[in-house]
Every structure is written in structure tokens, then in C-alpha cells.
Amino acid sequence: MGKLKTSILTGFLGAGKTTLLNHLLSTSQHERIAVIVNEYGEVGIDGKLVVEAKDEIIELNNGCICCTVRSDLISAIQALLASGRPIDRIVIETSGLADPAPVIQSFVLDEVLAERLQLDAIITVVDARHVERHMVLDEAMEQISFADVLLLNKTDLESRETLALTERKLRHLNPLARIIRTQSSVVDRSAVLDIGAFDLKNILSIDPDILEEHDHEHDQSVGCVAIREPGPLDPTMFNAWVNRLLQASGKDMFRMKGVLQFEGDPRRYVFHGVHMTLEGRPGKAWMPSEQRMSEIVFIGRNLDDRSLRSGFANCLAHLRELAS
């Protein structure tokens, strides 16, 4: 029995990993793909944004798979393999704050994973607009350094000269990876899947101690605030509040994402933000059987938990009615 090919999608917060995952799933309709999505906060958003498909989707929340939930990753894959369900490949989307090294270690040192899985490639998505801000952070540097393929994403937002300079910096950090320019994470499937690019010798040349047990420590100033609220939001109040928030704290706001319930709208609203950049669109309609819930996650440096929660609460529609 051949080994099951596994791909790791990584990249810093907001680079476009989930968009890439959705693109790959939509172009792999004849495959049975098991998807493992890891998020830093206890409220899982990305799992709700993965396209509806026949694929198995497993969410690992409230920590990075490089540290606090690494054992959960191994357990989830082992359970998946033991289930007997027909699977053609596994795709793992890591948290934007994950160090790939301990994840790679799991595939090499765990007996079950080493025997049953073949690590095909590590694909790192790089945000062309915000890469300068992110490359000062250890996690972003490690994600770039360990990549087999670097997708330089959002290239439509930067000039040719800036992109060329960015590519030179990426090549300095990782001379072996293939660099592919993308918009909206659209890439030919054959460029990132079944490419057999992972080579442990190359990884050992970057980090000779990668197979040694070690703890990964995140920047203690970086944190996460996750909010869940069943009450509908006033869209005008929410938009005004989030724009004020970014004006004041956008530089330190690495990522915002959410699925929101707006008053009077039968559809959920899908919301994304990276630093000062905001994007939102209506999503699928709420089903009669499901509980309508606004869920939003903020990840950044020196976040004010109390201020974020009170600001969000002030956008609830029923508070506007009480005030009037």
C-alpha cells in the first residue's frame, strides 16, 4: 500500500492560505481530501470558510499545531488513518503563527505518520503587500525558510519593482524554493500538489536540530481575542467601529476575521482584515435549523481585550433600540 501524500499550507496571518485551500479543493473534485485546519484562537473561523465539499474537515483550535495542540494533530491524523475511510490525500492548513519545524518533526518521528504518510511539499503563502512588516517576526521568517514552494500572493496590489525586490529577499532567505506569483491564491494544481518537493536533507541544512525535542515560544506581546455573540449586529455601527479601530490600531492588528450576523439580513456576512486592509462580502444564507451567531477573531500585538469586547458589544442592534 502506497503512502498517503500530505501537503502543508503555511504562511503568516492573512496571506491567503484558506483562499488557496478553497482553490485547491475546487480544482480537485474527483479526489477525496481530508483537510485539517488549525487556528490560533478558541473560536474557529477558517473551518466555516472552507468550501462545501465531500471532503473530511477537522478543526484544531485554541493553539498552534507547532506547540499546544501538536499532539492533537498527531491524534487526529492517526484516528483518520484508523477509521478506514477512503482518502486520497491530506492537506493541513496551519495557523498563521505556526513554526513549521515541529510539524515537520511530527511526520518524521511519529511511527504511524512516518509509515503511512508521505510529506509531499510545504507551500508557504506570502502576502506581497505586508511582507515587509511580517519578515521581522520569527514565525514568518521560519515559514519562508522551510518552504518548498513560495506563493507570492496579492501581486496585483504592488508594483513590478516592489515585487522584484521582495522576490530577491525571499530568495536570500530560501534559495531552494520555487517562487510563484499569484493573485487571490490562484495557482495551477500541478504546481503545488504531487510535486515530491519535500527533502529532509534540505530541512536539516536549515535547522540541524529539527529532530530534537524543543518548545516553540511565541512573541508574548502577540495575542488573540475571540468573540461569539448570538445577537444581531447593526451593520452601520459595526462598520464605523471597525474603521475607527483600524485607524487607531491597524499597524498592530495582524489579522481580523469573522462570520457575522447583521440585523435584517438572511445571509451571513464574511469579514476579513489584515492591518489597514478590510474586505467583506455576503455569504450563504442562514439555515432555519442553525443558530445565528456572530463570531470574530482578532490577532495582533498588545490587544486590549476589554476594549475590543465592549466595542463589539456596542454594535449590537438591540442596544441601538434601547438608546432610541
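Residues numbered from 1 in each chain as written. Predicted model: local features only at pLDDT ≥ 70, side-chain atom pairs only at ≥ 80, totals over all residues. Heavy atoms only, no water.

(A) Representation of the overall build of the chain within the structure. When helices and strands are counted, the chain shows twelve helices and twelve strands. For the chain, the proportion of its 324 residues judged to be buried stands at 52%. The long-range share in the chain, meaning contacts at least 24 apart out of those at least 6 apart in sequence, stands at 76%. (Helix = DSSP H or I, 4+ residues; strand = E, 2+ residues; numbered from the N terminus. Buried < 20%, exposed > 50% of the residue type's maximum accessible area, 1.4 Å probe, protein only. Contact = heavy atoms within 4.5 Å.)

(B) Representation of the pattern of salt bridges. What the rule picks out here adds up to 14 salt bridges. Note that Glu167 and Arg181 form a salt bridge whose closest N and O atoms lie 2.7 Å from each other. Residue Glu167 is found in helix H8 (residues 160-173), and its partner Arg181 is found in strand S7 (residues 178-181); the two are separated by 14 residues along the sequence. Between Asp305 and Arg309 there is a salt bridge whose closest N-O contact spans 2.8 Å. Of this pair, Asp305 and Arg309 are both found in helix H11 (residues 305-313), four residues apart, which corresponds to roughly one turn of the helix. The exposure class of Asp305 is partly exposed, given its relative accessible area of 35%. Look at Arg309 and you get partly exposed, because its relative accessible area is 34%. Within this structure, Lys5, Glu31, Arg89, Arg189 and Asp194 form a network of salt bridges that share partners. (Salt bridge = Lys/Arg side-chain N within 4 Å of Asp/Glu carboxyl O.)

(C) The side chain of His275, seen in detail. Mapping His275 onto the fold places it in the loop between strand S10 (267-274) and strand S11 (277-285). On the basis of relative accessibility, which here comes to 1%, the residue His275 falls in the buried class. Within the structure, His275 has its side chain in polar contact with the side chain of His134 (distance 3.1 Å). Within the structure, the side chain of His275 is placed 3.2 Å from the backbone oxygen of Lys251, a separation counted as a polar contact. Not counting residues within four places of it along the chain, the set of residues in contact with His275 comprises His130, Arg133, His134, Leu246, Gly250, Lys251, Met253 and Phe254. (Polar contact = N/O pair within 3.5 Å; in protein donor to acceptor, adjacent residues only side chain to side chain.)

(D) Region of the structure containing the pairing of strand S12 (residues 294-301). In terms of burial, S12 is largely enclosed, as seven of its eight residues are buried. Two strands pair when backbone bridges link them, and strand S8 (residues 222-229) and S12 are joined in this way by eight bridges, in the antiparallel orientation. Bridge pairing in S12 places Cys224 opposite Ile299. Sheet topology places strand S9 (residues 253-260) next to S12; six bridges connect them, and they run antiparallel. Paired with Val259 across the bridge in S12 is Glu295. (Pairing = 2+ DSSP bridges.)

(E) Main features of the sheet that holds S8. Spatial ordering of the open sheet is given by S8-S12-S9-S10-S11, a layout of five strands whose pairing is antiparallel. For this open sheet the edge positions go to S8 and S11, each flanked by a neighbour on one side alone. Within this sheet the neighbouring strands show an average axis-to-axis angle of 10°, counted without direction. In the packing of helix H10 (residues 235-249) onto the sheet, contacts are made with S9, S10, S11 and S12, and the angle to S9 comes to roughly 170°. (Axes fitted to C-alpha atoms, helices over the stretch in contact; angles between N-to-C directions.)

(F) A look at the packing of aromatic side chains. Within this structure, the stated rule accounts for eight aromatic pairs. Between Phe238 and Trp241, the aromatic rings sit 6.0 Å apart at their centres with planes inclined by 55°, giving tilted as the arrangement. Placement of the pair is Phe238 and Trp241 together in helix H10, with a separation of three residues, close to one helical turn. For the residue pair Phe238 and Trp241, the accessibility class agrees, reading buried in each case. Between Phe238 and Phe271 the ring centres are 5.5 Å apart and the planes differ by 80°, which places this aromatic pair in the edge-to-face class. With a gap of 33 residues between them, Phe238 in helix H10 and Phe271 in strand S10 connect regions that are remote in the sequence. Of the two residues, Phe238 and Phe271, both sit in the buried class. The side chain of Arg268 reaches across the aromatic face of Trp286, ending 4.3 Å from its centre. (Phe/Tyr/Trp six-rings, centres within 6.5 Å; stacked < 30°, edge-to-face > 60°. Lys NZ or Arg CZ within 6 Å of the ring centre and 35° of its normal.)

(G) Representation of helix H4 (residues 100-109). Here H4 lies mainly inside the structure; eight of its ten residues are buried. Taken residue by residue, H4 has Pro100, Ala101, Pro102, Val103, Ile104, Gln105, Ser106 and Phe107 as its buried positions. Between a side-chain oxygen at the N-terminus of H4 and the backbone nitrogen of Ala101 the separation is 2.9 Å; the capping residue is Asp99.

(H) The arrangement of the packing of H10 against H11 in detail. One can describe the packing of H10 onto H11 by two numbers: an axis separation of 9 Å at closest approach and a directional angle of 155°. Taken as axis vectors, H10 and H11 run roughly antiparallel relative to one another. Side by side, H10 and H11 meet where Phe238, Trp241 and Leu245 of the first sit next to Leu308, Gly311 and Phe312 of the second. The class makeup of the residues in the contact of H10 with H11 is five nonpolar, one polar and no charged. (Parallel < 35°, antiparallel > 145°, perpendicular 65-115°, else oblique. Nonpolar A, V, L, I, M, F, W, Y, C, P; charged D, E, K, R; others polar.)

(I) Geometry of the confidence of the model for the chain. Looking at the chain, pLDDT values average 84 and 85% of them are 70 or higher. Taken together, the stretch residues 51-55 has pLDDT below 50 and engages in eleven contacts with residues farther than four places along the chain or on a different chain. (pLDDT = per-residue confidence, 0-100.)

(J) Up close: the nonpolar core. Among the nonpolar cores identified, the biggest contains 25 residues, and Ile36, Ile77, Ile90, Ile92, Phe107 and Leu117 are the most heavily contacted of them. Looking at which element gives the most residues to this core, the answer is helix H3 (residues 70-82), with six residues. Setting aside chain neighbours within four positions, we find Leu117 in contact with Lys3, Leu4, Thr6, Ile77, Leu81, Ile90 and Phe107. Core analysis: the next-biggest nonpolar cluster, separate from the first, contains 20 residues, Ala15, Leu21, Val37 and Leu151 among them. (Core = buried A, V, L, I, M, F, W, Y, C linked by side-chain atoms within 4.5 Å.)

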